[in-house]
Amino acid sequence: MYKIMTPGPTQVAENVRTARSRVCTNPDIDTEFVEFYKETCELISSLLFTKNETYILDGEGILGLEAACASLTEPGDKVLVIDNGIYGKGFADFVSMYGGKPEIYHADYLRTLDVDALASYLEIHHDYKYATLVHCDTPSGMLNDIGRICPLLKKYGILTVVDSVSAMFGEPVRADDFQIDLLCGGSQKAVSAPPGLSFVVVSEDAKNAMKNRKTPIASFYANLTTFFNYYEEKWFPYTMPISDIYGLRAAFDNIAADPDILKRHAIIGSAARETLKAAGLKLHLESGFSNTVTVFDVPEEITADAILKEMKEKHNIMLAGSFDEFSGKVIRIGHMGANATISNMIETFTALDKVLRELGVNLKISLPEYFLKFTY
Ligand SMILES: *Cc1c(COP(=O)(O)O)cnc(C)c1O
């Protein structure tokens, strides 16, 4: 068994695993399950500081992103796709798949989105039904300031679809204050449940946009409106994955019982960055560091594969490389959710220190010692 220190899926606590083994009822006809589902959705909404309704969907993180786009997009709709990372750019595919016209707003992949530059752009171009953006673009660890970006878009009446799958509960999200219309999350990142579920928080404006469509939504599975009356009608569009939802609830109960969760992520995130810099390694980004994942460049003299292999085979720890244009160039340490403990990080840095030295990298400090000093 490996210790997974990847930016999702993350480690799953024992009480979450146990919750998944509870005796099952029939979720289609047992109204107690409908109550449980509703309470769980309300708990998620409250943890995201919103009065908006949450729906848990039976599919991993990607389903939420696709459902948001499928439910909003009508043929010909113009959609602003904010792209300063791989997931950011990826939204364009969902938009065009459902007949929309994505307009890509491309920005630097090494720096957090320049909100002032976006504001200037919007002064001239603002004829969009909605915009898509990513809170933490995980392949590079890029954090965007959704608390400034969403209200700016909303000023022009542009609805927002925010992918916070790998940021929420590791970075602050206040959905109402941030004026987010569709907020997407997944079970397997900072939430620290196994992969398999996504959830979407839907504003009244977004609901109205879906209800007022002139054309039908070109999907059943990704149609969010099928959930709107589930509670009144005691009916779900498909059989709910009851055991997964029992596990998800336990994971959210853990988050609710952990008032220091954001502070812990902030301490671990900054300590990880300071440690790598002090050692002489290079952080991949120039700005926009998410406290859920730390990404550093692979030193020139060695390869990402060698680091990952040694970490796994000699130390039983899985770190992640990355993909697309980042493939082979960076290593990612996922310190979100249940991964985000000092002891996990010490263990990881102890192993990484050995591996890098054995591969011939000259580290200027001891990774675990520096990290520990920085966190206390
Ligand atoms: C993990 C992740 C998703 C969901 O993708 P999976 O296929 O479930 O891993 C969506 N967006 C971001 C930014 C993610 O990091």
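Scroll up to find the structure.
Model, not experiment: these values are computed from the prediction.

1. Brief notes about the site of the ligand
Next, step 1: Around the ligand, the neighbouring residues are E60, G61, I62, Y87, C136, T138, D163, V165, S166, Q188 and K189.
Next, step 2: Contact distances for the ligand include 2.3 Å between an oxygen atom and a side-chain N or O atom of T138.
Next, step 3: Within the contact set of the ligand, an oxygen atom lies 2.5 Å away from a side-chain nitrogen or oxygen of Q188.
Next, step 4: Alone, the ligand offers 370 Å² of accessible surface; in the complex the protein occludes 85% of this.

2. Thoughts on the nonpolar core
Next, step 1: Within the largest apolar cluster, 89 residues are counted, with the highest numbers of intra-cluster contacts made by Y37 and L182.
Next, step 2: Counting residues in hydrophobic clusters, the runner-up holds 30 residues, among them A272, A304, I307 and A340.

3. Points about empty space enclosed by the protein
Next, step 1: Enumeration over the complete set of coordinates arrives at one cavity of 30 Å³ or more.
Next, step 2: One number sums up the size of the largest cavity: a volume of about 50 Å³.
Next, step 3: Together, S140, G141, R273, L283, L285, F289, S290, V293, T294 and V295 line the largest cavity.
Next, step 4: The dominant element in the lining of the largest cavity, judged by the number of residues it contributes, is strand β11 (residues 293–297), at three residues.
Next, step 5: Here the residues of the lining of the largest cavity sort into five nonpolar, four polar and one charged.

4. Topic: the sheet that holds strand β9 (residues 182–186)
Next, step 1: With mixed pairing, seven strands are arranged side by side in an open sheet as β2-β10-β9-β8-β5-β3-β4. Looking at which strands have only one partner, the edges of the open sheet turn out to be β2 (53–57) and β4 (101–106). Across this sheet, the average inter-strand angle for adjacent strands is 20°, counted without regard to direction.
Next, step 2: Where β9 meets strand β10 (residues 198–202), five bridges bridge the pair, whose relative direction is antiparallel. Residue L183 lies in a different strand from β10, and its bridge partner there is V201.

5. Some thoughts on the layout of surface pockets
Once rolled over the atoms, a probe with the size of a water molecule shows which space is left empty.
Next, step 1: A volume near 220 Å³ is recorded for the largest pocket.
Next, step 2: Considering the residues around the largest pocket, the lining is formed by 14 residues, among which L47, F49, F169, I261 and L262 are closest to the centre.
Next, step 3: At the level of secondary structure, the elements contributing two or more residues to the lining of the largest pocket comprise α9 (242–256) and α10 (261–278).

What counts as what
Residues numbered from 1 in each chain as written. Predicted model: local features only at pLDDT ≥ 70, side-chain atom pairs only at ≥ 80, totals over all residues. Heavy atoms only, no water. Near = heavy atom within 4 Å. Polar contact = N/O pair within 3.5 Å; in protein donor to acceptor, adjacent residues only side chain to side chain. Areas by Shrake-Rupley, 256 points an atom, 1.4 Å probe, with all protein chains shown as cover. Core = buried A, V, L, I, M, F, W, Y, C linked by side-chain atoms within 4.5 Å. Buried < 20%, exposed > 50% of the residue type's maximum accessible area, 1.4 Å probe, protein only. 1 Å grid on protein atoms, 1.4 Å probe; cavity = no way out; pocket = protein on both sides within 12 Å on 5 of 7 lines; lining within 4 Å. Points joined across faces, edges and corners; volume = space filled by probe spheres on them. Helix = DSSP H or I, 4+ residues; strand = E, 2+ residues; numbered from the N terminus. Nonpolar A, V, L, I, M, F, W, Y, C, P; charged D, E, K, R; others polar. Pairing = 2+ DSSP bridges. Axes fitted to C-alpha atoms, helices over the stretch in contact; angles between N-to-C directions.

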